[in-house]
Amino acid sequence: MKKILVQKDSYHDSVFLMQINTEIKKIAGVKEAVVSMGTEMNLDLLKEMGLSDRQVETATANDLIIAVEGETSEAAEHAIRKANELLWKKKGTKKEKEYRPPSLDAALNVIPQANMAIISLPGEFAAREARKALNRGLHVMLFSDNVSLEEEIELKRVAREKGLLMMGPDCGTAIINGKPLCFANVVRRGDIGIVAASGTGLQEVTCLINRFGKGISQAIGTGGRDLKNEKAGGTMMLMGIEALQKDHKTRVIVVISKPPSEKTAERVVEALKKGGKPAVIHFIGLESGSGSKDLLYAENLEETARIAVALAAGNEYRKQALSLSEEALKNIIERETEKMSSGQKYIRGLFTGGTLADEAIFVLEKSTGEVYSNIQTKPKFILENPHISKNHTIIDLGDDVFTVGRPHPMIDPSTRIERIGKEAEDPEVALLLLDVMLGYGSHPDPAGAMVESIVKAKDKAGTRGGYLSVIASITGTEMDFQNLEDQRNKLESAGCVVMPSNFQASVLASRITERIGAK
Amino acid sequence: MSDKKSTTEKINELFTSELKVINLGLETFAETLQKEGVETVQVQWKPPAGGDKKTAGLLNRLDAGLKVDVETANKEAVTRILDAKPTLVGIGTALNDIPGMRKNMILHAGPPVQWERMCGPMRGAVIGGLIYEGLAKNREEAEELASSGEITFEPCHHHSAVGPMAGVVTSSMPVWIIENKSFGNRAYCTLNEGLGKVLRYGAFSNDVIDKLRWMEKELAPVLSKALELRGEIDMKNLIAQALQMGDEGHNRNRAGTSLLIRELAPHLVMLDEEKEKIKKVLFFMHGNDHFFLNLSMPAMKCTVDTAAGIDGSSIVTVMARNGTDFGIRVSGLGDRWFTAPAGMVDGLYLPGFKSEDAAPDIGDSVITETGGIGGFAMAAAPAIVQFVGGTPKDALNYTLQMYEITDGENDIYKIPFLDFRGTPTGINLLKIIETGILPAINTGIAHKEPGVGMVGAGLVKPPLKCFTDAFEAFITKYAR
């Protein structure tokens, strides 16, 4: 069925008409369609296609022709209606994409005064971009992992030569000039400067310093291998310390790292002594070393923050007990254990923050002696299958085995929700120990996302005639977009005990196991 | 900087400056900083050379340094391109004027290709060319002759010439002669036949041949005389004007054609010729928006040719397609072609045609992009972007992207919409590899069968392989 429409003196741009032509042809039941101006060439074409009539033959280049051959007359008419609709459609403002530079150099043309490059590209490409950034005189925060140790050493060599920050690889957290980079919390500015080889450790300490009323001047991340590896030799840690020594706004320097080799540790201590500013060292999992008045060793992350705050206020640090009174603590322990059944024995710690998991392991080991984990350093207690807990178990869910093909559990809570469900099936489980990481980069509502699974797990234990205790701590501040207070309320309304720090949560958990053992 | 005292000077400087960030990777990190009021630019990062492992290895050798000063060599190449002064000096014939042209020779578009591998439209044009020259009477004879080995096929580019689409040039054809006044080199191109069924799209029916004969016998002589009266025409000036009137010099030549008519009309009417003849010439130009294309092309050819053969230069001096292969040449790599199968054009189709009818990408017209106009000047011709359903903003972004793979900006060809910024000029092979951004090319679409003609127009990207192969050769030649 052929339909032809000629609109006199109705000029349209040929490209525009070609677009309409393309659209009309897509309509079901349309065999041929021509929407075009009546130029000589087009008139010939229409004739060849058998889509010409008297009206078409007399058309001029200023006349619009809509000619359609449809399988039915309805299809043809529909096509002509559609063509008219498109021809006279009012154009809304389309959402158009802003131009984005395709490379580091191109970006430097857009923002020539840039002084920092944040790189979170796949590991195989990241080092080259980091090197380029250093060569252009930019400080670098390299979030990516899977960068080889050789590349790291080379990047840090270049950075030292040029006097630039090379934070990372695998550096997840920093606060520079009060601005949170990658996974970081919004904290008050102040006079405590930190260099840390641990991202979540840095988050916990900055948040606690904020809670204790002080603030951060700079928080520099180094990446986990900076001190651990002898060849890396703490290059960035030492440069960070030196920069903080020279920084007028920093009064106290904090160092956080896993225990380095003796040689590196010596160099760190020497660097801290040289500048003369009071300092705190926390080598995670290490008993406190013998410090001095101006150089103190902290045993845990909370103490690290407490010492730093005391030093910044010019006070002497006095070892502090838990923030809860012994009586209050005992009340909680009684309440949490009274309904437990006799078969309930074990702690299961499900962590999204690696350093917080480490800290929990060290605290629990002291009271229970044996803690299984996927990140254990003691070979005997490395979980055979990280997906299956055994006795007392602490899991770092941010470990590679859990993040293949899915986001980090700080971003995607589903990994932990699934695991909570799994642990709930085990009648020997007495207690879940959890961390909740707030701040930029993290899930917008990590507590809210977990609540349902926590309530279900507690119900399950209840139906079995027991009681599941859930202890949590929140790393965050009131200024974080998830809001500390909101998150705490959500956890408490689900029946969780929320402790003021990861350290205290771990202590409470270990006290509860002691209580169970004594029963 | 190895001075011990200054080890952390720059870090302390950072602590007292405003943080300004370039973010490569996860966008949420940039969004966070923007929320916190930090000026942050997100990079639209792609793996170099599309993530090709071999190329990544070669990039490491590039990073280690080359034995030539590429930057200086490229600067020289770009300077020569900018200094060019393409000027229309006359109309001649292929046999008399194109260097190396012979009676039994047919020039074609793109990198070298023999009859056996020629695509439909190019075969059609060859058939038409042989009939036009009187070397064959019909299709069968022409095909036999073409495959006999008696006809020599060579690329236009080997003879300082360029040809749109099939780009077929035979000995009797009239050609525009463009001279680069700064360097004295010349470039040649046939006269544009118009749209529809034409030789360059592979059509060879009687009316096609008749039109070619009319062009030879009437159009060219008349224009040639008018041009003599007018005197030489500065093409750079004309192209610059056309760009400011909505042309980009490749797929849109409406303004350029009109400007040319303005230049010639007063002299045409003064000729001692029949009025009918002059009228026909004027109408022919008026009826063919692409008449100017065959002038912008040789203007660009004699412009970019001057940048060829500079030791150590990674500037691309030729891009061309023959409907079978896409080929490029690079200044510092001599006359070598780097080829890969020609791609399909993404575009709109003329009434009565669809994408199944299309031949792969074809023609020398991409010399315009090579010289820094055409798709590179898309921001000057936003109407063009509709071919791929884009908006004027997309047109702008096409041009902005091309600045990332070029070393210079033209001082004469300017884009009003970009605050009269010069068009991106001097395609740098190394930047293409680094950014993974391929040149944006505006082009027409030919029917895949010989004899049909133009079926649409749109946008095409060259195959990455041409550039990765050239990059490998470049590193092999120049790595330390």
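Residues numbered from 1 in each chain as written. Chains lettered and ligands numbered in written order. Predicted model: local features only at pLDDT ≥ 70, side-chain atom pairs only at ≥ 80, totals over all residues.

**Things to note about the overall build of chain A**
Quick reminder of the rule: Only runs of H or I of at least four residues qualify as helices and only runs of E of at least two qualify as strands under DSSP, and these elements are numbered from the N terminus. To get the radius of gyration, use the C-alpha atoms; to get the globule rule, take the number of residues to the power 0.38 and multiply by 2.2 Å. Two residues form a contact once the distance between their C-beta atoms, set from the backbone, is within 7 Å.
A tally of regular secondary structure across chain A gives 19 helices and 19 strands. Whereas a compact globule of 519 residues would reach a radius of gyration of roughly 24 Å, chain A reaches 33 Å, over 25% beyond that. With the principal axes as the frame, chain A shows a C-alpha extent of 105 × 65 × 40 Å. Counted over contacts in chain A with a minimum sequence separation of 6, partners at least 24 positions apart contribute 68%.

**Examining the overall build of chain B**
Short version of the rule: Here a residue counts as buried when 20 or more other C-beta atoms fall within 10 Å of its C-beta, as exposed when 12 or fewer do, and as partly exposed in between; the C-beta atoms come from the backbone.
Looking only at helices and strands, chain B features 16 helices and 17 strands. Over its C-alpha atoms chain B spans a radius of gyration of 24 Å, differing by no more than 12% from the 23 Å that the globule rule assigns to 480 residues. Each principal axis of the C-alpha distribution contributes one length, and for chain B these read about 85 × 50 × 45 Å. When the 480 residues of chain B are sorted by exposure, 58% land in the buried category.

**So, the sheet that holds strand E2 (residues 30-37) of chain A**
All names here are of chain A. Condition: Pairs of strands are assigned from DSSP output, requiring at least two bridges between the strands. Every axis corresponds to a line fitted to the C-alpha atoms, with the helix fit spanning only the stretch in contact, and the corresponding angles, defined between N-to-C directions, vary from 0 to 180 degrees.
Taken in spatial order, the three strands of this open sheet run E1-E3-E2, and their pairing is antiparallel. Only two strands of the sheet have a single neighbouring strand rather than two, namely strand E1 (2-7) and E2. Here the strands of the sheet are splayed against their neighbours by 5° on average, with no regard to which way each runs. Summarising the sheet, E1 and strand E3 (residues 64-70) pair through six bridges and their orientation is antiparallel. Residue pairing in the sheet places Lys3 in a bridge with Val68 of E3.

**Points about the interface of chain A and chain B**
We count it as follows: Each residue is assigned to one of three groups, with Ala, Val, Leu, Ile, Met, Phe, Trp, Tyr, Cys and Pro labelled nonpolar, Asp, Glu, Lys and Arg labelled charged, and all others, Gly among them, labelled polar.
Taken together, the contact pairs 58 residues of chain A with 54 residues of chain B. Among the elements that make up the side of chain A that touches chain B, the one with the highest residue count is helix H1 (residues 14-25) of chain A (six residues). Taken together, the residues of the side of chain A that touches chain B break down into 31 nonpolar, 14 polar and 13 charged. Note: strand E4 (residues 116-119) of chain A against strand E1 (residues 20-24) of chain B, four bridges, orientation parallel. Bridged to Ile119 of chain A within E1 of chain B is Leu24 of chain B.

**Comments concerning the sheet that holds strand E17 (residues 454-460) of chain B**
Residue and element names in this part refer to chain B. As summarised here, the arrangement of the three strands in space is E12-E17-E16, forming an open sheet in which the pairing is antiparallel. The sheet terminates laterally at strand E12 (346-349) and strand E16 (441-446), the two strands that pair on one side only. Along the sheet, successive strands turn relative to each other by an average axial angle of 25°, direction set aside. Bridge count between E12 and E17: four bridges; the pairing is antiparallel. Directly across from Asp346, in E17, lies its bridge partner Leu459.

**Some words on helix H2 (residues 40-48) of chain A**
Residue and element names in this part refer to chain A. Stated formally: Along the arc lie the directions from the helix axis toward the C-beta atoms.
Those residues of H2 not exposed but buried are Asn42, Leu43, Leu45 and Leu46. The buried residues of H2 occupy one face: seen down the axis, they fall within an arc of 160°. In H2, those exposed residues whose orientation departs by more than 90 degrees from the buried face are Glu40 and Glu48. Each element contacted by the buried residues of H2 is listed here: E2, helix H3 (54-57) and E3. Trailing H2 by a residue or two, Gly50 shows a phi angle of about 75°, which is positive.

**A word on the domain arrangement of chain A**
Definition in use: Each domain span listed reflects an automatic or database assignment of domains.
On domain assignment, one finds that chain A holds domain 1 (2-87), domain 2 (171-312) and domain 3 (326-518). Between the C-alpha centres of domain 1 of chain A and domain 3 of chain A the distance comes to 70 Å.

**Re the domain arrangement of chain B**
According to the domain assignment, chain B contains domain 1 (17-46), domain 2 (70-79 + 306-478) and domain 3 (86-299). Put simply, the middle of domain 1 of chain B and the middle of domain 3 of chain B, counted by C-alpha atoms, are 52 Å apart.

**Focus: the environment of Pro155 of chain B**
Residues and elements named next belong to chain B. Here Pro155 lies in strand E5 (residues 152-155). Each C-alpha atom, one on Pro155 and one on Lys20, is 51 Å from the other, the two residues being 135 residues apart in sequence. Non-local contacts of Pro155, meaning those with residues more than four positions away in its chain, are made with Leu107, His108, Gly110, Pro111 and Pro112.

**Looking at the nonpolar core**
What counts here: Under the definition applied here, buried Ala, Val, Leu, Ile, Met, Phe, Trp, Tyr and Cys residues are grouped into a nonpolar core through C-beta atoms within 7 Å.
Of all hydrophobic cores here, the largest spans 170 residues; its most connected members are Ala377, Leu429 and Ala470 of chain B. It is helix H8 (residues 206-230) of chain B that provides the largest number of residues to this core, a total of nine residues. Residues within four places of Ala470 of chain B in sequence aside, it is in contact with Ile328, Val330, Leu333, Phe338 and Leu429 of chain B. One finds Phe143, Leu164, Ala430 and Met450 of chain A within the second-largest nonpolar core, a separate group that totals 149 residues.

**Looking at helix H14 (residues 354-368) of chain A**
Residue and element names in this part refer to chain A. Quick note on the threshold: Expected span of a helix: the number of residues minus one, times 1.5 Å.
Counted at 1.5 Å a residue, the expected span for H14 with its 15 residues is 21 Å, and the 21 Å between its end C-alpha atoms agrees. Among all positions in H14, only Thr355, Leu356, Ala357, Asp358, Glu359, Ala360, Ile361, Val363 and Leu364 are buried. Among the residues trailing H14, Gly369 stands out with phi positive, at a value near 85°.

**Describing the environment of Ala358 of chain B**
Residue and element names in this part refer to chain B. Mapped onto the elements of the fold, Ala358 is located in the loop between E12 and strand E13 (362-363). The buried category is assigned to Ala358, around which 20 C-beta atoms lie within 10 Å. Sequence separation between Ala358 and Met454 is 96 residues, and the spatial gap between their C-alpha atoms is 8.9 Å.

**Thoughts on the packing of helix H3 (residues 53-63) of chain B against helix H16 (residues 464-478) of chain B**
All names here are of chain B. Note the following rule: Left-handed is the label given to a crossing in which the near helix is rotated counterclockwise from the far helix by less than a right angle, and right-handed is the label when the rotation is clockwise.
Interaxial distance between H3 and H16 falls to 10 Å at its minimum, and their mutual angle equals 35°. Crossing angle aside, the handedness with which H3 passes H16 is left-handed. Residue-level contacts link Thr55, Leu58, Arg61 and Leu62 of H3 to Thr468, Phe471, Glu472 and Ile475 of H16.

**Observations regarding the confidence of the model for chain B**
Interpreting fine coordinate detail is not advised for predicted regions of low pLDDT. Residue and element names in this part refer to chain B. What counts here: On a range of 0 to 100, pLDDT expresses the predictor's confidence in each residue.
On average, residues of chain B carry a pLDDT of 94, and 98% of them reach 70 or more. Low pLDDT (under 50) marks residues 1-5, which in the prediction has five contacts with non-local residues, meaning those over four places away or in another chain. Taken together, the chains of this predicted complex give a pTM of 0.80 and an interface ipTM of 0.83.

**With respect to unusual backbone geometry**
Among all residues except glycine, the phi angle is most often negative; among peptide bonds, the trans geometry is most common. Pro169 of chain A follows Gly168 of chain A through a cis peptide bond whose omega is 10°. Relative to the assigned elements, Pro169 of chain A resides in the loop between strand E6 (166-167) and strand E7 (173-176). A positive phi angle, close to 55°, is found at Asn146 of chain A, a residue other than glycine. Structurally, Asn146 of chain A is set in the loop between strand E5 (139-142) and helix H7 (149-162). With phi around 60°, Phe420 of chain B is a residue other than glycine that occupies positive phi space. With respect to the helices and strands, the residue Phe420 of chain B is situated in the loop between strand E14 (406-415) and strand E15 (421-427). A tally of 9 C-beta atoms within 10 Å means that Phe420 of chain B is categorised as exposed.

**Some remarks on the packing of helix H6 (residues 123-135) of chain A against H7 of chain A**
Residues and elements named next belong to chain A. Note the cut-off: Every angle not falling under 35 degrees, over 145, or within 65 to 115 is termed oblique; those three ranges are roughly parallel, roughly antiparallel and roughly perpendicular.
Direction vectors running N to C along H6 and H7 enclose 5°, while the axes themselves pass 10 Å from each other. By the criterion of interaxial angle, the relationship of H6 to H7 is roughly parallel. Where H6 abuts H7, its residues Ala127, Ala130, Arg131 and Leu134 lie against Glu151, Leu155, Val158, Ala159 and Lys162. Counted by class, the contact of H6 with H7 contains six nonpolar, no polar and three charged residues.

**Some remarks on the pairing of strand E14 (residues 346-351) of chain A**
Residue and element names in this part refer to chain A. The buried count for E14 comes to five of six residues, which makes it a mostly enclosed element. Strand direction decides the pairing type here: E14 and strand E17 (residues 429-437), joined by five bridges, are parallel. Looking across to E17, one finds that Tyr346 is bridged to Val429. Of the pairings in the sheet, the one linking E14 to strand E16 (residues 393-396) comprises four bridges and is parallel in character. Looking at E16, one finds that Phe351 is bridged to Asp396.

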